Amino acid sequence: MPTPPRAVVFDVGNVLIDWQPGRLYERLVPDADARAALFARVDFGAFNLEGDRGDLAEATAAAAARHPEDAPLVRAWRERWEEMFGPEMPGSPEIFLALKAAGVPLAALTNFARDTWLVAQQRFPLLTGFDVEIVSGREGVLKPEPEIYALVEARLALSGADLFFTDDKLANVQAAAARGWRVHHFQGAEGLAEALRAEGLPL
């Protein structure tokens, strides 16, 4: 068996908790063509990323001001954000809690706005269980920028193969692998559990 990593670092959205903006907008704009036209006019992904670097309410308000004709639908991104987020991903909380019970240090490394992170933690107490939280909206840097990975290393006082990281976005995984972290591209809890066991972690 390999020497196990000394800490496990989790992405949150679509690893621990489901995040699907499409669910909300399918209800708000049922017609597929009209919905596609809305997303062509408004770059929701870009302003969401702006929010992930700080505050989503602020980023959404700025986007609504840039698109007055679509302002109610733009504002819904923040006003009805909770309808996009949840439930827990099948099997992932069990992995998280098993590692925690075994005494493995756990860190969050997530692109998440500082305002919605608080909402998320209130709705899903699982997210209050990290030993270290690296939340992009608090730090002002995003994955896969190297500075945010350096923050994890500094706050855990660990680096390289002492860290195991899982994320559903390949670019984020590759950025961690480039720093020597052990990594897993998340595509479901079963695969994550197998990868953790293969690294010698107690599951």
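Scroll up to find the structure.
As a convention, each chain's residues are numbered from 1 in the sequence order in which they are written. In keeping with the model being predicted, local features are shown solely for residues with a pLDDT of at least 70 and side-chain atom pairs are shown and tallied solely at 80 or more, while totals for entire chains, interfaces and linings include all residues. The side-chain numbers reported here are obtained from all heavy atoms of the structure, hydrogens and water having been left aside.

(A) Structural context of the packing of aromatic side chains. Two rings belonging to Phe, Tyr or Trp (six-membered ring only in the last case) form a pair when the distance between their centres is within 6.5 Å. Interplanar angles under 30 degrees mark stacking, angles over 60 mark edge-to-face geometry, and anything in between is tilted. Considering all chains together, one arrives at 18 aromatic pairs under this definition. On the basis of an interplanar angle of 40 degrees and a centroid distance of 5.8 Å, the ring pair of Y25 and W77 is categorised as tilted. Separated by 52 residues along the polypeptide, Y25 in helix α1 (residues 21–28) and W77 in helix α5 (residues 71–79) bring together distant segments of the chain. Of the two residues examined, Y25 and W77, each falls in the buried class. Numbered from the N terminus, helices here are DSSP runs of H or I no shorter than four residues, and strands are runs of E no shorter than two. Working definition: with a 1.4 Å probe on protein chains only, accessible area under 20% of the residue-type maximum means buried, over 50% means exposed, and in between means partly exposed.

(B) Quick look at the pattern of salt bridges. Salt-bridge detection follows one rule: a side-chain nitrogen of Lys or Arg within 4 Å of a carboxyl oxygen of Asp or Glu. Counted by the stated rule, this structure contains 16 salt bridges. Residues D115 and R78 are paired through a salt bridge, measuring 3.0 Å at the closest nitrogen-oxygen approach. Placement of D115 in helix α7 (residues 114–123) and of R78 in helix α5 is noted, with a sequence separation of 37 residues between them. Salt bridges sharing common partners tie together D11, K143 and D167.

(C) Representation of the nonpolar core. Core analysis: the largest hydrophobic core is formed by 48 residues, its most contacted members being V8, F10, F85, L99, L127 and F130. Of all the elements, helix α11 (residues 189–198) adds the most residues to this core, at five residues. Should any heavy atoms of two residues lie within 4.5 Å, those residues are counted as being in contact. Excluding its chain neighbours within four sequence positions, the residues that come into contact with F85 are V12, I17, D18, W19, R23, F112, A120, R123, F124 and L127. Nine residue types can take part in a nonpolar core, namely buried Ala, Val, Leu, Ile, Met, Phe, Trp, Tyr and Cys, and a core is a set of them joined through side-chain atoms within 4.5 Å. With 17 residues, the next largest nonpolar core counts L109, Y149, V152 and W181 among its residues.

(D) Representation of unusual backbone geometry. In this chain, G86 is followed by P87 through a cis amide linkage whose omega measures 5 degrees. Tracing the chain through its elements places P87 in strand β3 (residues 85–88). Positive phi, close to 65 degrees, is recorded for N14, a residue that is not glycine. Relative to the helices and strands, N14 is located in the loop between β1 (7–10) and β2 (17–19). Owing to a relative accessible area of 16%, N14 belongs among the buried residues under this scheme. One non-glycine residue with positive phi stands out, namely A157, at about 55 degrees.

(E) Up close: α11. Taken together, the buried positions of α11 are A189, L192, A193, A195 and L196. Down the axis, α11 shows its buried residues gathered within 165 degrees of arc, on one side only. Turned more than 90 degrees off the buried face of α11, the exposed positions are E190 and A198. For α11, the secondary structure elements touched by its buried residues are β1, α6 (92–101), β6 (163–167) and β7 (182–185). Looking one or two places after α11, you find G200, whose phi comes out positive at around 90 degrees. Note that the arc is computed from the directions linking the helix axis to the C-beta atoms.

(F) Here's a closer look at the packing of helix α4 (residues 56–66) against α5. An axis is simply a line fitted to the C-alpha atoms; with a helix, the fit covers only the stretch in contact. Between two such axes, the angle follows the N-to-C directions and lies from 0 to 180 degrees. At a closest axis distance of 9 Å, the pairing of α4 and α5 adopts a crossing angle of 170 degrees. One finds that α4 runs roughly antiparallel with respect to α5. Two secondary-structure elements touch here, α4 through L56, A57, T60, A63 and A64 and α5 through A71, V74, R75, W77 and R78. Looking at the contact of α4 with α5 residue by residue, the classes come out as seven nonpolar, one polar and two charged. To sort the angles, those under 35 degrees are grouped as roughly parallel, those over 145 as roughly antiparallel, those from 65 to 115 as roughly perpendicular, and the leftovers as oblique. Each residue is assigned to one class: nonpolar for Ala, Val, Leu, Ile, Met, Phe, Trp, Tyr, Cys and Pro, charged for Asp, Glu, Lys and Arg, and polar for all the others, Gly among them.

(G) Spotlight on the sheet that holds β6. A pair of strands counts as paired when DSSP detects no fewer than two bridges linking them. One open sheet holds the five strands; their spatial order is β5-β4-β1-β6-β7, and the pairing between them is parallel. Edge positions in the sheet fall to β5 (132–135) and β7, since each has one partner strand and no second. Going from strand to strand, the sheet's axes swing by 15 degrees on average, the running direction of each strand aside. Across three bridges, β1 lies against strand β4 (residues 106–110) in parallel orientation. When the bridges of β4 are listed, V9 appears paired with A107. Sheet contacts for α11: β1, β6 and β7; angle to β6, the most-contacted strand, approximately 170 degrees.

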